[in-house]
Each structure stands twice: as C-alpha cells, then as structure tokens.
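# Results of the structural survey
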Amino acid sequence: MTGRKIGSSVVKLGFGKNEAVGDTQGMQPTKSVWIGNIPPTITSADLEKMFSAFGPVESCRVLTHKSCGFVNFDNLQDAMKAQSAMNGLDIHGMVIKVGFAKVPSKSDGAGNSSANGGLSVNTSISPSSHHVLSPPKGGSKSLGSGASNLSLGGDGGGFEEFEGKEGLESYAASLIPLPDPDPLRRVDQTRLREMRKRLENPTVSLDEVMAMYAECFDEAIELCTDYIGNVVLQKLIDKCDDVHRALLIEKVTPYFATLGVHKNGTWVVQKVIDSARTTREAALIVAALAPYAPCLLLDQFGNYVIQCCLRLGIQGNQFIFDAMTRKCLDVGTGRFGARAMRSCLESQYTTKRQQKQVAVAITAHALQLLTNVNGSILVSWLLDTSGLPGRYRVLAAKIAPEVPALCRHKLASATVLKVVNQRIEFDARDAILKEMFWREYEEGNPGAGSNLREIVCDHAQGVAVVQKVLAAGCVSPDERVRLAERVRSCLAGMVEVKTNPMAYKRLLDEVASILGAGSSGFDGVSGFGYGQEVVSPLAPNPGFFSQQMPGEGHQGGFYQPQQQFGNGGYNMQQHQLGGYGQQAPFHLLQQQQQQQQQQQQQQQFYGQYPLQSQYGGQQFRGDPNYH
C-alpha cells in the first residue's frame, strides 16, 4: 500500500509502537500481571481467588491507596490467559484493566528499607500484621515501652477507657455488586433530559413531580449511576414530600456503599444524607454504611460520603470514629483515608471524646504512622491541632525507645523535633533528649556505643537533627553547653569526622559557637582547619605592598619615577621596579629592549637633532631646508 494514492493523497505505511496497557508501558508478556481500577473493597485473598482459576498463583498483593494490584503466576501461559480474559471485566461496578508488569525480584518482599537513614519498618497495610521496630538498645527503664499507663486528656482516663470497644463492629469484606442494567429501560436519555429541564423550572407543579417520581422509582438504582439520571434523582429528592423521599431512601440504601464509590452515584448518596430529616432515615443510612466505613474512607469518592454523615449527630456518626479506631493503621496510611480522618477530626460535629478515642489509636500506631507520608498527617494533627493535654507525654513514651532510628528518618525526625521544641510538657522533651544524648548501649562505658553516635553516623538526617536540637530556643544556655560537650566528646572518638569533615562542618561550627573559641580544636578534631584563620582568595597579598616603592621617603611620600625626555616617556632603566620584587617581569624587559633599539635608530637617522613632537612644533636647528 505504500506509495499508492487514495483520492489525491499518497499513502505511507510504517511500524508503530504497541499500545500501552495500564501503566505497564506496553511490556512484553511476563508471569506478573497488573490489575488497575479495582474496587477498594477487593483484598489480596479475593484477587487470588479470581485469578487462580487460570493457573497456580505464586503471590498476590493489593495496593488499596492506588486502586491496583499485582498477581504473579508460576507459568507464563497462565498469566497470558488471565490477561486476555480479565481485561475489561466489570467487578462491583468498576471496569478493571489488566496488563503485564515487571516480575518482582526475590528480595522485594524481604522487607522495606528506608532510604532516609535506613529505618527498617514494615509499612504494608494488613490488619493482622504487627508493626514493630527494631528493639531499643540498652532498654528504657525510665519510660514505659508503651503508653497504656499514661493519661491522654485532662478529664482522666487513658488507653484503658477505650479497650474492648474496637471489636464491637464487624466490617464487610467486599461491596455488594450493583444489579445488571436493564436493556429495556423505559427512561432513556431523551426522557431524562426532558425531566431535568422540567425540574429546573421553578413553576413545576407537585403533580408533575410525583408523575416523574413514579416513572423513575423502579429504575432508581440504575439511574443513580447515569450521568443525567443522578441529577434527576437529586432534584426529585428535593421536591417530593417526606413520605416519598423515605420510600426512595429505602429503595436505594441496600446499595448505598457501592453507589457511594461510583463517580455518578456518590452524588445521589450525598444528597440523600444531606436531606435526611427523621430519625428513621438517619438509622437507615447508618445501617447501610457502617459495615463499609473503612472501604469508603479509603475511596476518592466514598470518603466524602462518610464526611456527610458527620451531621447526623453523636448517635449517628459514632460508627465513623469506631471504624477509624479499629482500622487506624489501614485507613491512616491511605492517601484519601488519612485526609478524610483529619477532616472528620477537625469537623464542628466531632466531640472531644471522639477526638480522644481516635487520638488513642493514633498513638498506639505512632511508630508506623510517623514513617508514612500519609500517616504523618494524623500525627501532625495530634500534636498541632488536637490540643489534648498529655499528648506530647504519651507520644514521647511511645517513640523514645526508637529515637535513634526515628532521628535518621526524613519524616519521623520532624516529629521528634516537634516534641523537643514544644514548651507545654517539658518532661516529654527531657525524655527525648535523654534518649538522644545520654543513653548508652552499655551502661558505664560512655562513647563506646551510644544513641548519639548512632544518630550522628547518618550524614543525611541525623547530623541535621542534632544541630537543630543544639540551636533550639527551648534549650536553656546551661543545658545547651552540656549537650554541646556531649556532642564534642562523641565526635572526638569517631573516625568518620576525620575522613569526611565536610559532612560534620555545620555541627562542628554549632558546637564551637556554643563552647567558645577556646574549644574549637575539639580534642583530636583540630586537624580539619577549625581554630585556624581562614584567608579569602580574594584578599590582597600584603607582601605586594610591603616593599618600599621608588620615591617613598621624599616629599609627601608620593611615588615620583625619574623620567628622561629622550624617547617619549620615562626611561625604564631608571625604574627600580620595587613593587615587583628584585627582578622585573619578562614582558617589561622586552619592552625596555625595544625602546632602546628605537632610540639608537632615531639617533642614527636624525643625528643630534631632537624630535619635533617633543618641542611643541619647533623647527629643527641646523637644517633650514627642512619643512
């Protein structure tokens, strides 16, 4: 076909690239399959059950916050069959996309190692997993390893107040699928446009509204997912009476959660919640949404449905905070879940007791939330916004055994500095400082293995954290001197300071400014230029002006070079070149030789007569014929 004409155009054919499937960029078939746009309620077990029909599955995982998952087959042929059969399939009202992905290496599942300081934390989302950091070095006798014996809030009561209340609510594993669409639907797109136009008219009568209500009632579930039908239903909810609105709510509530995660259905669900006026309507809404609260909180549309339920009152919205408490780690580490939790906690409808209930769960999972980009949002709310008395004290007791690892983490180190810099609970600050600067691996052997040494060994985060603590305004002058002495003694025994001095330059400067100029040597660290005068390369060399210039010592001390009116300018032989040392530069010597040669040639040509230009245009004497 190349070169042939179709009409008046010449056809050109060539080879193009394969169409990318999902985010796999058109990869060749592999044993690993990527599944995108999966419903938020799908778990790893559900995914494995669906794909194991095509062959043995080696592993399976779900990334809820990204709405995708991965399935690794034992055989390549099974993966190819699964991709061909499952791509475009409708699951719980969402069309999934299936493509091939890169086969994970054996070491991918061994653990998660942070690049920001090497903190080893398992940040996977699993309700049955126990997230534990490495055991503390040397113990922490002055602080409890947990926070169960401390009080959060000024009205008494601690963690024991909410014990046993997390398991009261059971949550569904998946959403109820929507009914299949009716191919013979009576209300088509044309009729829906007419209804919308009529309902937008303020002169529409109640009889017309009820006629349209009766026409749409039987197909209400399907109309909720239609981009025009959901608008019609919202307007019918606004304009119909209380009895018919309650009937419509009863019709829709069995599929409330599934519609809440649909891009069109979520608007109808939110409208129903906002329009609820009776206790019965609120009870129907709570009963329909409570089993699916964690899934809705993690969804980009469903989290707004949950936030709408806050206005139902203390009895109506308590299921939200129960779900946050039980599934705090799962929801708090999700992209939409963490932000939805913070919005709910900052709502005007939330009580102090509900805030305290969730704050207890946040503190219990503080170590995992601190090291997660989404979970750190909740810890920031606890410290900066909640205003609960005792929050710093409870959090300090939880994170104190892991201070060295947290100080080396990019996100967690910011929270450690918040606890140190606060001026509300000084015992919490003192506990963190004690773990940072005075805790030894082996009691009675200072400097051999301390938390401080472990922190400053990290150049990326640890050194900066220690420097910021020394410069903190909440540290008293006497305490700052003691901490600086401690840092100095620790750095003096470290080989890294000598091999990589630039990594510790700012810390050394901070310690030197605290201890004074006399301590800038650092007892073995003085070989790095500290305590020595630093001369800028732009500063002038004093040796250049140290020699006496010709003419100095005479009248006024001005430089007066001797000149000779013999050859235009002063004679270089009379210049002693005092400012340049004993020997003149080579280019000046060349210039002097050239001037001497020119003088000899001029004297041979003119004889004893001087040059005309040197005498203001006078004629040459002895040569009257010269004009």
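Residues numbered from 1 in each chain as written. Predicted model: local features only at pLDDT ≥ 70, side-chain atom pairs only at ≥ 80, totals over all residues. Heavy atoms only, no water.

Across its full length, the protein chain carries 29 helices and eight strands. Per-residue burial over the protein chain gives 44% buried out of 627 residues. A separation of at least 24 residues holds for 67% of the contacts in the protein chain among residues at least 6 apart in sequence. Of the accessible surface of the protein chain, which amounts to about 34000 Å², a share of 51% is contributed by carbon and sulfur atoms. (Helix = DSSP H or I, 4+ residues; strand = E, 2+ residues; numbered from the N terminus. Buried < 20%, exposed > 50% of the residue type's maximum accessible area, 1.4 Å probe, protein only. Contact = heavy atoms within 4.5 Å. Areas by Shrake-Rupley, 256 points an atom, 1.4 Å probe, with all protein chains shown as cover.)

If you walk through the whole model with that rule in mind, you get 20 salt bridges. Here Arg 186 ties to Glu 219 by a salt bridge, and the two come within 3.9 Å at their closest N and O atoms. Here Glu 219 lies in the loop between α4 (206-217) and α5 (220-224) and Arg 186 lies in the loop between β8 (97-101) and α3 (189-199), a separation of 33 residues in the sequence. Judged by its relative accessible area of 56%, Arg 186 is exposed. Overlapping salt bridges bring together Arg 186, Asp 218 and Glu 219 as one network. (Salt bridge = Lys/Arg side-chain N within 4 Å of Asp/Glu carboxyl O.)

We now examine helix α19 (residues 391-399). Extensive coverage of α19 is indicated by the burial of eight of its nine residues. Taken residue by residue, α19 has Arg 391, Tyr 392, Val 394, Leu 395, Ala 396, Ala 397, Lys 398 and Ile 399 as its buried positions. Buried residues along α19 sit against α16 (352-364), α17 (366-370), α18 (375-385), α20 (403-407), α21 (412-421) and α22 (426-438).

Across the six residues that make up strand β5 (residues 68-73), a large majority, six, are buried. Alternating positions in β5 separate into two faces, Cys 68, Phe 70 and Asn 72 on one and Gly 69, Val 71 and Phe 73 on the other, with burial throughout. Relative to β5, strand β3 (residues 32-36) runs antiparallel, the two sharing five bridges. Considered in β5, the bridge of Val 33 is made with Val 71. As paired strands, strand β4 (residues 57-63) and β5 are joined by six bridges and run antiparallel to one another. Its bridge partner lying in β5, Val 57 is registered against Phe 73. (Pairing = 2+ DSSP bridges.)

Taking relative accessible area as the criterion, Glu 219 reaches 10% and is therefore assigned buried. Within the local environment of Glu 219, its side chain forms a polar contact with the backbone nitrogen of Arg 186, the two atoms lying 2.9 Å apart. (Polar contact = N/O pair within 3.5 Å; in protein donor to acceptor, adjacent residues only side chain to side chain.)

Bringing helix α2 (residues 76-86) into the picture now. Every buried residue of α2 is listed here: Asp 78, Ala 79, Ala 82, Gln 83 and Met 86. The arc that holds the buried residues of α2, viewed along the axis, is 135°, so those residues lie on one side. Within α2, the exposed residues directed more than 90 degrees away from the buried face are Gln 77 and Ser 84. Those residues of α2 that are buried are in contact with β3, α1 (44-51), β5 and β8. Remark: Gly 88 follows α2 within two positions and exhibits a positive phi of approximately 85°. (Arc of directions from axis to C-beta.)

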